[in-house]
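# Descriptive analysis of the structure
Chain by chain, the residues run as shown.
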Amino acid sequence: MKRYAWLLTNYPQFVILFDVVLVVVCTSISMTIYGLPAFKEPLKGVSPRGTVIGGRQKAMQQVADQLASGELTKAPSNPHTPPSAGQTSAALFNCLNEPIMGLPNPRMVLEPTTSGKNLLSAKYLQAACEWENKYVRPFHRGNCSDLHSLHLYIRALNGKNISDCSDINDADVTTALEVVQNCSQYYFDGLLARHCASGNPACAGVPMLCYKHGAVYKILHYLTDVDFMKDGDKTKTNVAYSVVYMRNARDLLHDKWMGDWFADPDELRDYYMDELDGGAVGKDLVKSRAMSLNVAPETLTKYVFKDLMFFGIAMGSILILLFFYLRSVVLMFATLANVGCTISVSYFLYMVVYRIPFFPFMNIVAGLLLIAIGADGVFILHDLKEEAQRHDKDLSLEGATLKMLRHGALSIFVTSCTTAAAVFSNVISNVTSLRCFGIYGGTCVLVNLWFLLTFAPAVIVLTEKVNARHPVKCCRPRPKDEDKPSRLSRAAALFWKTYLPKAVTTFAPLWIAHFLLLGIGGIVVVFVAPKLKVQSEREYPIFHSNQAFELYRWHYRDSFRFELEQLARERSRMNVQIVWGVDGTDNGNQFNPDDPGTLRFDGDFDLYHPDSQRFLRTFCTDLLNQSFIHDASNYECFFDVVASATNETCKEHRCCEKGMFPMTYLDAKDCLKNDSIQALMVNANKTVIGQAIYDTSGNAVAFRYSIQTNENWTTEYSDMNTFYKKVNKYVRDRLTNEAHGLDNGWVVGLSGMELDLYDLQDALSRGTLLGIALSVGIGFLVLLFTSLNVLITFYAMLTISLTIAVTMAALVLLGWEVTLFDSIVISLAVGLSIDFSIHYGIGYKVAPSQHRKDRVHDVLCSIGSAVAMAAITTFAAGTSVSFGLLVTYKHFGTFLMLVMTISWCFGTLFFLPLLSVLGPRQGFGEIACWKKKDDVDGDATSDQYISKDYMPNGLPNGGLSGMELARGTGEKAAIGSPYYPQSPVYDDNYRGRRWTPPDGGRYNRSRSAPHKGRSRSAKSDNRVFPNNSQSPQHNGFVSNRPHRSASPQSRDRNYRDGVNYRY
């Protein structure tokens, strides 16, 4: 430490130069190889990797891909599959007859500017026509997909030209409404469907006028809201919302026809986004505030950089606070540079050294975290140096730097380690984005620690040296006038040294009871009711709730029948498949969502073995008898069909008339894929479950049963968890101890959609709680080895636990769920809230007093304002970021404000009152196995605090706290004073490090002198003073242990004016 202080003092420019070269080299390499990260796919990497379900789903997805490419083949599928939702009729010839494909198409929602008005009126339809001509028609080239709007079909039902809709009148509206009313019953009875056309037998009995151009169906299903003719009520004719469909936006982005309108494809996106940023497209009778443009990923990059403005506001607010606190422009910008350098070097380590190819959108949060915590270390370092120099005008710059490092390095190191541990805990998550954030964010915190211990102190020292030679008023910290403090300074000193300590200690029982009840209430809210819930939607919000895309998804989407139909389809009965022969383990790079791994088959699986045939037939029969299977009577097992085929009379192949099951190995290999047997399955009266999958050589490599259950898909985690565990347990119990690879079978959803949300919910719920536990455990160890006191550590962990509970309860009451991003902020709660308890706990430990309340008073006097300043700067950063457009920024800003407020309140008004009432005294709870060694020159570096029983005037250190002595904020005693001898001697075996004079006479006195109004029992004390002079008026302590004197060099360096500067 001394050598490093010497280096910083004499060559700070070289330390700065080294860091600058490091940053330049790292930035050049990373930018040359990888460039800036792009966030065009914000939801990439949100699926769990390494989970049981995730591995199985990826394996079956690869099976599906290889079946589509021809690398694998299968038997014919179930013939009773319902027709596709997108089926069209060949009778549709013109644009109006073109079906609306629904969900894939970009669409905007029209509504009246005045709430409550009816869009189905001539005036508003004309306004809608004008709106379309302005915002949609410029992109039309005769393509049909942008012609679907309410006013066009009103014109079509009247037989008028659809190219001009400006002359729509009330008669047109009345005629069209009568047609819709007369035909609506066919729609609600299910007879009028999307595929109806002239001559289609499925629409027999439906009048032609009802399916002409598909107008009635499209108006009811796609273009009007659900309240229009709700439940077949023909009197409900008010249209509150209407949908306008446009050309596919992705086609527009790559369309060269646009010409002068949009030379750059991005301009189209910007056109709509800029219009919608203003609140609505259209300002007259109709407007559009919501849209589904299908380009949300493309727009994210724009919003990410647009929201950098809020990053700048957050950093600016912190810089302003830094300037008023540090009074230095140089240090203010050095803090800004520190954050930028940290991000750059961390990006180099992440991409080049760690070689992680995926940089998720979540990693942006690391930059927000650095902005929030980056200034705390600068506060500590600057304050320590200034206080040391202020107390001792003769203290050299090297001495001040040494004190700054000795006191500041430990504090910064401990807090950085706890925060890094909280961030790194995300690595245990199964979600790729969270893992990557854990690595990048934790690296950022550690790199920030490096720059705080190298770059920041070097700038502080260099600034001091430059100002000493060439004073610059704007860049030199303004000295504080100790003789004439400002009114604000006096008020602040009165608050931190009188009012707050008195309030904390006097009303300690009330504070403890209040915050204990508050913490218990938080636990009830989180774990009992309403409970912390995991993500309940497939989609994750990207933008703020008032943004156009989010308005459509969360407010308008349920207002249209086609969206409700899609939702009902998603929430229908779940299908599961039980698979043999496929390795369901995820063998890809779990840090790269683009690497799904390779498809591997189970070499032990043998479908042709007679035992395998017998077991699979028995298993299918037993499966159909389970309670979770829907309508089992409608299914027939694959091997039941095979068994019946061997009894058929035929001449086409040798599989007929075998009359036995199971078949021999060779017969099974030849017959299972025989066309005649497959024809029996296709023509079966029931749905045949069971399908063999073959490789290019014709060998069966896998087999699966796909079946529908009676459980409806739901977003409720508990219901899905019960269902999956029930089905999985059944399969595992039936497959145990089976041979020929049959025991390696497993169950998974049919399409992946059934269990993907459940898998994500399960990963988030387990990963979040495990991350919190890991962070708390690491924080416990750090605090234990820092404070070396079990009782202080226990109280601190109790405070942190209650803080986390109340913070999470606040998030629950705000309506938050544990989404991908929220699991990050919850894990960060540990790292950000533990800092205050560490500062307070160590401050209590090293306080010179032996009484609890006095120690708490010393803690608040010495570090109370610094802790509050750290909370204020982080709170200010959160306030600025919470105005961001992306929901990630808003949530993180809200979280920072909550956790800083709750952490400071619990640390100051619960932890400290707890110490003032039940804190350890006289070494109780100490861990005595660790002890510092003295310096080689005899300097007692382990003397971190001085016993109150050896201070003059009955006051610790002459009325000064240990921190004030260490930082030089108190008065200096006169040289040679008997109260502060020039040569202090320490009792090396006493934990409090008492003061004794070096030589002279002894004195005896009773310990009956008053001490701050308190009396103590009489005890004898033997002291040595020069010439047996006057004894100090203080309480003594008996010790006959040998003493050793500090060396003259140590005395000169560390005990000027009788004050111990070696804190």
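These numbers come from a predicted model, not from an experiment.

Moving on, we get to the sheet that holds strand β3 (residues 242-245). Pairing is antiparallel across the open sheet formed by three strands, whose spatial order is β3-β2-β4. Edge strands, defined here as strands with exactly one partner in the open sheet, are β3 and β4 (286-292). On average, each strand axis in the sheet is tilted by 35° relative to the strand beside it, whichever way the strands run. Examined bridge by bridge, strand β2 (residues 107-112) and β3 share four bridges and lie antiparallel to one another. Of the residues in β3, the one forming a bridge with Val-109 is Val-243. Packing of helix α21 (residues 548-556) onto the sheet brings it into contact with β2 and β4, and relative to β4 it is tilted by some 85°.

Time to look at the nonpolar core. Core analysis: the biggest nonpolar cluster contains 193 residues, and Leu-120, Phe-228, Phe-892 and Phe-895 have the highest contact counts within it. Beyond its immediate chain neighbours, meaning those up to four positions away, Leu-120 contacts Leu-125, Leu-150, Ile-154, Val-173, Leu-177, Phe-228, Thr-237 and Val-239. The next biggest cluster of nonpolar side chains, apart from the first, holds 52 residues, and it includes Val-576, Phe-639, Val-642 and Ala-692.

Of note, the bond from Ala-529 into Pro-530 is cis; its omega dihedral lies within 30 degrees of zero at 0°. Structurally, Pro-530 is set in the loop between α20 (508-527) and α21. Phi at Met-229 takes a positive value of approximately 50°, unusual for a residue other than glycine. Its place among the elements puts Met-229 in the loop between α8 (215-223) and β3. Residue classification places Met-229 among the buried positions, given a relative accessible area of 0%. Even without being glycine, Lys-531 reaches a positive phi, approximately 75°. Assignment of secondary structure puts Lys-531 in the loop between α20 and α21. Look at Lys-531 and you get partly exposed, because its relative accessible area is 43%.

The next subject is the pattern of salt bridges. Per the stated rule, a full pass over the model turns up nine salt bridges. The salt bridge partner of Asp-586 is Arg-49, with a shortest N-O separation of 2.5 Å. One end of the pair, Asp-586, is in the loop between β5 (573-580) and α23 (610-624); the other, Arg-49, is in the loop between α2 (12-33) and α3 (52-69), and 537 residues separate them in sequence. With a relative accessible area of 10%, Asp-586 lands in the buried category. Take Arg-49: its relative accessible area is 2%, and that puts it in the buried class. Residue Arg-614 pairs with Asp-611 through a salt bridge whose shortest N-O separation is 2.9 Å.

This paragraph deals with the packing of α2 against helix α18 (residues 455-469). Where α2 contacts α18, the axes come no closer than 9 Å and their chain directions differ by 140°. With respect to α18, the axis of α2 lies oblique. Relative to α18, α2 is oriented so that their crossing is left-handed. On α18, the residues that touch Pro-12, Gln-13, Val-15, Ile-16 and Asp-19 of α2 are Phe-455, Ala-458, Val-459, Val-461, Leu-462 and Lys-465. Of the residues that constitute the contact of α2 with α18, the class distribution is eight nonpolar, one polar and two charged.

Any covalent bond linking the sulfur atoms of two cysteines counts as a disulfide. According to the stated counting rule, one finds two disulfides in the structure shown. Each disulfide pairs two cysteine sulfurs, and for Cys-183 the partner residue is Cys-210, the sulfurs being separated by 1.9 Å. One quick way to see it: the torsion about the S-S bond of Cys-183 and Cys-210 is about -75°, and its sign makes the bridge left-handed. With Cys-183 in helix α6 (residues 170-188) and Cys-210 in helix α7 (residues 208-211), this pair connects stretches of sequence that are 27 residues apart. Linked covalently through their sulfurs, Cys-620 and Cys-637 form a disulfide whose S-S length is 1.9 Å. One disulfide, between Cys-620 and Cys-637, carries an S-S torsion of -90° and so falls in the left-handed class. Of this pair, Cys-620 sits in helix α23 while Cys-637 sits in strand β6 (residues 635-637), placing them 17 residues apart in sequence. Residue Cys-620 shares its accessibility class with Cys-637, and that shared class is buried.

When pLDDT is averaged across the chain, the result is 75; 74% of the residues are at 70 or more. Ignoring residues within four places in sequence, the model shows residues 248-265, a span with pLDDT below 50, making 31 contacts including any to other chains. Confidence drops under a pLDDT of 50 for residues 478-482, and excluding neighbours within four residues, the segment shows three contacts in the predicted structure.

Another aspect to go through is α23. Here α23 contains 15 residues, and its C-alpha end-to-end distance of 22 Å stays within 8% of the 21 Å for a straight helix at 1.5 Å per residue. The set of residues buried in α23 consists of Ser-612, Gln-613, Phe-615, Leu-616, Phe-619, Cys-620, Leu-623 and Leu-624. Angularly, the buried residues of α23 cover 170° about the axis, an arc narrow enough to put them on a single face.

Another point: the packing of aromatic side chains. Taken as a whole, this structure holds 33 aromatic pairs when the rule is applied. Site record: aromatic cluster; members linked through ring pairs are Trp-580, Phe-615, Phe-619, Phe-628, Phe-638, Phe-639, Phe-703, Tyr-705 and Tyr-730. Positioned above the aromatic ring of Phe-591, the side-chain terminus of Arg-435 is 6.0 Å from the ring centre. Stacked on the ring of Tyr-844, the Lys or Arg Arg-855 has its end atom at 5.2 Å from the ring centre.

Reading guide: rules and limits
Residues numbered from 1 in each chain as written. Predicted model: local features only at pLDDT ≥ 70, side-chain atom pairs only at ≥ 80, totals over all residues. Heavy atoms only, no water. Pairing = 2+ DSSP bridges. Helix = DSSP H or I, 4+ residues; strand = E, 2+ residues; numbered from the N terminus. Axes fitted to C-alpha atoms, helices over the stretch in contact; angles between N-to-C directions. Contact = heavy atoms within 4.5 Å. Core = buried A, V, L, I, M, F, W, Y, C linked by side-chain atoms within 4.5 Å. Buried < 20%, exposed > 50% of the residue type's maximum accessible area, 1.4 Å probe, protein only. Salt bridge = Lys/Arg side-chain N within 4 Å of Asp/Glu carboxyl O. Parallel < 35°, antiparallel > 145°, perpendicular 65-115°, else oblique. Left-handed = near helix turned anticlockwise from the far one by under 90°. Nonpolar A, V, L, I, M, F, W, Y, C, P; charged D, E, K, R; others polar. Disulfide = S-S within 2.5 Å. pLDDT = per-residue confidence, 0-100. Expected span 1.5 Å × (residues − 1). Arc of directions from axis to C-beta. Phe/Tyr/Trp six-rings, centres within 6.5 Å; stacked < 30°, edge-to-face > 60°. Lys NZ or Arg CZ within 6 Å of the ring centre and 35° of its normal.

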